[in-house]
Amino acid sequence: MSILGAVLAGGRSSRFGSNKAFAMLGDQPLVTHARGLIAPYCTRVVQVGGDDGVPDMPEPGLGPLGGIAGALDYAAANGFRCVLTIGCDMPRLPEGLIEAIMRREPSYCQDAPVLGLWPAALGAHLMAHLSLGHDRSMRGWARAVGAIPIASPEPIANVNTPADLAEL
């Protein structure tokens, strides 16, 4: 099974004050922690909006859906069957959560919808969804494609501010 891992890191990090993808947690940037979480499940892992050639698209300001659109487009063009997505600001996840998401397709974490497994064939659907002005939230699109929500067994730490990072 050919799976592209996509770390969503193309946002503005406005609440963080600087590019949070490269904020350090211990001796590694947050983006490296996120890559490490999904790497065991993927054929290749890329950073959307980074130096891996996967653009955050189709237009700025779409939030995670723009990153997922870029990852789905890249996956389809490069022969990947599906995309496992994670936000760069999710450096730690509850044990077993990724495995639970990997058992269903499409699926997403209901507590942190940027964590999900999406068939590459959904790229055209997402572009149509965005062009028609439908709900641009992750949950809205997940509902539109019938994705299965997977509950997290415990809260997920999300780094939005320097204080959040300090807590970790």
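Structure first, text after, so check above.
Residues numbered from 1 in each chain as written. Predicted model: local features only at pLDDT ≥ 70, side-chain atom pairs only at ≥ 80, totals over all residues. Heavy atoms only, no water.

We now examine helix H1 (residues 30-38). If you check which residues of H1 are buried, you get Leu30, Val31, Ala34 and Ile38. Considered in projection along H1, the buried side chains sweep an arc of 100 degrees and stay on one side of the axis. (Buried < 20%, exposed > 50% of the residue type's maximum accessible area, 1.4 Å probe, protein only. Helix = DSSP H or I, 4+ residues; strand = E, 2+ residues; numbered from the N terminus. Arc of directions from axis to C-beta.)

In this structure, Leu84, Trp118 and Trp141 are the most contacted members of the largest nonpolar core, which totals 55 residues. Examining the composition of this core, we find that 7 residues originate from one element, helix H2 (residues 64-77), more than from any other. Once residues lying within four places of it in the same chain are set aside, the contact partners of Leu84 are Ile3, Leu4, Gly5, Ala6, Ile38, Tyr41, Cys42, Ile98, Ile101, Met102, Gly116 and Leu117. Formed by 5 residues, the second largest nonpolar core is a distinct cluster that contains Leu25, Leu30, Val159 and Leu165. (Core = buried A, V, L, I, M, F, W, Y, C linked by side-chain atoms within 4.5 Å. Contact = heavy atoms within 4.5 Å.)

Time to look at the sheet that holds strand E5 (residues 82-87). Taken in spatial order, the 6 strands make up an open sheet running E4-E1-E5-E7-E6-E8, and their pairing is mixed. The two strands at the open ends of the sheet, each matched to only one other strand, are strand E4 (44-48) and strand E8 (148-150). Strand-to-strand twist across the sheet, computed as the mean angle between neighbouring axes with direction ignored, equals 20 degrees. Strand direction decides the pairing type here: strand E6 (residues 107-109) and E8, joined by 3 bridges, are parallel. By the bridge assignment for E8, Cys109 is matched with Ile150. On the sheet, H1 packs against strand E1 (3-8), E4 and E5 and is oriented at approximately 155 degrees with respect to E1. (Pairing = 2+ DSSP bridges. Axes fitted to C-alpha atoms, helices over the stretch in contact; angles between N-to-C directions.)

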